[in-house]
Amino acid sequence: MSSKIRTRIAPSPTGFLHLGTARTALYSWAYARHHGGEFVLRIEDTDVSRSTQDSVDQILQSMHWLGLDYDEGPVYQMQRLDRYAEVLARMLAEGTAYACYSSPEELDALREAQKARGEKTGYDGRWRPAPGKVLPTPPEGVKPVIRFANPRDGVVRWDDLVKGPIAIGNQEIDDLIIARADGVPTYNFAVVVDDIDMAISHVFRGDEHINNTPWQINIYRALGASLPAFGHLPVILGDDGLKLSKRRGAVAVSAYEDEGYLPEAMLNYLARLGWSHGDDELFSPAQIVSWFDGSHLSKSPAMWDAAKLTWVNAQHLKQTDDARLAALVAVQLRRLGLAVDDAAVTPAMCALFKDRCNTTVELAQWLAMYFGPVTPQPDELAQHLTDAVRPALNALADRFATIAWDKASIALAIKEVIAAHGLKMPQLAIPVRVLVCGRAQTPSVDAVLALFSSEVVQERLRNA
Ligand code: GLU
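A few points on the structure. (Residues numbered from 1 in each chain as written. Predicted model: local features only at pLDDT ≥ 70, side-chain atom pairs only at ≥ 80, totals over all residues. Heavy atoms only, no water.)

All right, on to the pattern of salt bridges then. This structure, assessed with the given rule, holds 31 salt bridges. Arg 6 is the salt-bridge partner of Glu 72, the closest N and O atoms lying 2.7 Å from each other. With Glu 72 in strand E3 (residues 72-76) and Arg 6 in strand E1 (residues 6-9), this residue pair connects regions lying 66 residues apart in the sequence. A salt bridge links Arg 117 to Glu 119; the nearest nitrogen and oxygen atoms lie 2.9 Å apart. (Salt bridge = Lys/Arg side-chain N within 4 Å of Asp/Glu carboxyl O. Helix = DSSP H or I, 4+ residues; strand = E, 2+ residues; numbered from the N terminus.)

See the structure below:
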């Protein structure tokens, strides 16, 4: 095995980048970065009927958003068909693969007969050459599939980076189809050729692939290649204990971007979902890289916890530079239907409200009052906008028309109006909030008002 650490993520472009794949990508990336190695992106698009360019685009966009940069790729398997054909030809010549002409109907009948006899189902090797064996005559005009001549006995063992030692007997597995009749290779074959050619040293993937690994190891051996280390990550379960799926909430990474999560918070949360570093719950991408050495990976399934992700996001949001937040919030405001330029959302606005928000969507919901009309709730109006306070609100609007528009002058004007009308602070400040902000609770009223134009505030106060 070459000493250079090389990892890869190999998504199939049959949908968006799934959270489970994103976690595998993160671990593979962090492992490579931790060791000063390289990380490769490979698009496994040999399932031609289900692969789409739209999925490729979404996967690339999500990788980019998460900041999982790769040193090579994207490599597309469908652009490597010549290479697979070359390896297939070699295996056919060396007898580690063979042509099989069995029709689907024949294989169905075989399976039914095996079931009826209470046997394990699987291909019986009828086209597998053997010394002294007479093979059937190939049917005319039929293109064969290519099968791997899996060793008949012995045990495949590997020491899994996550699960520990695993052993599966060769008798348990049959001769796998490695190329379809049209010459397109199947996953288990293409993945091995690619991982060898790309000098991948460590393969992290979901544990749904554990049953594929013995075939893959046997193909490495048939090709005389050294094995990478394998780490099979446990599934992510939804809070109902079932495998995370589309039906039970968002599983597309892109949905979290839309919902106002920060990429570094997603990485933080995904990192903790199946890995730990002491009791740490909050860390930056740089800390993940510096701590992720392939140890402390959990053997048991991880439970998706939306509330915890939200908490993690809120913690990162508080730490985020306000100018960066402003640009993110501008996008969210536009999605709320408000025509907002990037420059109109100021860092000061983000600074004032971000501590109250879990996501940039929530921050946008707060800041919407600066960019469009507000609709105070009738019950809040009825409760806070009493006849006693109306004259004070008019007086405040008048006062605001004359002062310098800054927080200190606004605070002073409010104090003066309160004193002149014999009110207490909340008696004036709450109706001001309801009218101007559309809600009864906000951060400090002078700070909130200072971020409007004086004219907008006066106009909303005069709606009293
Ligand atoms: N294309 C496979 C998948 O998306 C890759 C599995 C692997 O990493 O080997 O599940």
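Next comes the rest of the description.
A word on the site of the ligand. With respect to spatial proximity, the complete set of residues near the ligand consists of Arg 8, Ala 10, Pro 11, Ser 12, Glu 44, Tyr 187, Val 191, Arg 205 and His 209. Arg 8 places a polar side-chain atom, nitrogen or oxygen, 2.5 Å from an oxygen atom of the ligand. With respect to the ligand, the backbone of Ala 10 contributes an N or O atom lying 2.8 Å from a nitrogen atom. When the ligand is considered free in solution it has 300 Å² of accessible area, and contact with the protein chains removes 84% of it. (Near = heavy atom within 4 Å. Polar contact = N/O pair within 3.5 Å; in protein donor to acceptor, adjacent residues only side chain to side chain. Areas by Shrake-Rupley, 256 points an atom, 1.4 Å probe, with all protein chains shown as cover.)

Now for the pairing of strand E9 (residues 202-206). When you tally the buried positions in E9, you get five out of five residues, the bulk of the element. Note that E9 and strand E10 (residues 229-233) share five bridges and pair parallel. The partner of Gly 206 across the bridge, within E10, is Leu 233. Read as a crossover between parallel neighbours, the route from E9 over helix H6 (residues 213-222) to E10 is right-handed. (Buried < 20%, exposed > 50% of the residue type's maximum accessible area, 1.4 Å probe, protein only. Pairing = 2+ DSSP bridges. Right-handed = clockwise from strand over helix to strand, strands pointing away.)

For the rest of this paragraph, the subject is the packing of helix H15 (residues 390-400) against helix H19 (residues 454-461). Between H15 and H19, the shortest axis-to-axis distance is 9 Å and the interhelical angle comes to 160°. The angle between H15 and H19 falls in the class roughly antiparallel. With respect to the hand of their crossing, H15 and H19 are arranged in left-handed fashion. Every residue of H19 that contacts H15 at Leu 393, Leu 396, Ala 397 and Phe 400 is listed here: Ser 454, Val 457, Gln 458 and Leu 461. Class assignment for the residues of the contact of H15 with H19 results in six nonpolar, two polar and no charged. (Axes fitted to C-alpha atoms, helices over the stretch in contact; angles between N-to-C directions. Parallel < 35°, antiparallel > 145°, perpendicular 65-115°, else oblique. Left-handed = near helix turned anticlockwise from the far one by under 90°. Contact = heavy atoms within 4.5 Å. Nonpolar A, V, L, I, M, F, W, Y, C, P; charged D, E, K, R; others polar.)

By secondary structure assignment, the location of Gln 114 is in helix H4 (residues 104-116). Using a relative accessible area of 6% as the deciding quantity, one classes Gln 114 as buried. Discounting chain neighbours no more than four positions away, the residues touching Gln 114 are Glu 119, Lys 120, Thr 121 and Gly 122.

This part is about the layout of surface pockets. Put simply, the largest pocket is a space of about 970 Å³. Together, 35 residues line the largest pocket, and Pro 11, Ser 12, Thr 21, Glu 208 and His 209 are the ones closest to its centre. Taken together, the elements giving at least two residues each to the lining of the largest pocket come down to E1, helix H1 (19-34), helix H5 (187-197) and E9. Per element, the largest residue contribution to the lining of the largest pocket is four residues, and it comes from H1. Of the residues in the lining of the largest pocket, the class split is 14 nonpolar, eleven polar and ten charged. Approximately 280 Å³ is the volume attributed to the second largest pocket. For the lining of the second largest pocket, a count of residues per class yields three nonpolar, seven polar and seven charged. (1 Å grid on protein atoms, 1.4 Å probe; cavity = no way out; pocket = protein on both sides within 12 Å on 5 of 7 lines; lining within 4 Å. Points joined across faces, edges and corners; volume = space filled by probe spheres on them.)

Under the definition given, this model contains 16 aromatic pairs. Pairing Tyr 27 with Phe 292 gives two aromatic rings, centres 4.9 Å apart and planes at 35°, and the pair type is tilted. Pair noted here: Tyr 27 is in helix H1 and Phe 292 is in the loop between helix H9 (285-291) and strand E12 (302-303), with a separation of 265 residues, a long-range link. Tyr 27 sits in the buried class, given a relative accessible area of 1%. Here Tyr 84 and Phe 189 contribute two aromatic rings whose centre-to-centre distance is 6.4 Å and whose plane-to-plane angle is 65°, an arrangement assigned as edge-to-face. Here Tyr 84, found in helix H3 (residues 81-94), pairs with Phe 189, found in helix H5; they are 105 residues apart in sequence, far enough to count as distant. Over the ring of Tyr 123 we find Arg 147, and its NZ or CZ is 3.5 Å from the ring centre. The residue whose ring lies beneath Arg 439 is Trp 366, and the NZ or CZ to ring-centre distance is 3.5 Å. (Phe/Tyr/Trp six-rings, centres within 6.5 Å; stacked < 30°, edge-to-face > 60°. Lys NZ or Arg CZ within 6 Å of the ring centre and 35° of its normal.)

Spatial strand order, E4-E5-E8: three strands in an open sheet with antiparallel pairing. Each edge of the sheet is formed by a strand with only one pairing partner; in this case those strands are strand E4 (97-100) and strand E8 (177-179). Going from strand to strand, the sheet's axes swing by 45° on average, the running direction of each strand aside. Strand direction decides the pairing type here: strand E5 (residues 145-148) and E8, joined by two bridges, are antiparallel.

What follows concerns the pairing of E1. Every second residue of E1 is oriented toward a common face, with Arg 6 and Arg 8 on one face and Thr 7 and Ile 9 on the other, all of them buried. Both E1 and strand E2 (residues 38-43) contribute to a ladder of four bridges, which runs parallel. For Thr 7, the partnering residue across the bridge sits in E2 and is Phe 39. A crossover connection joins E1 to the parallel E2 through H1; in handedness this β-α-β unit is right-handed.

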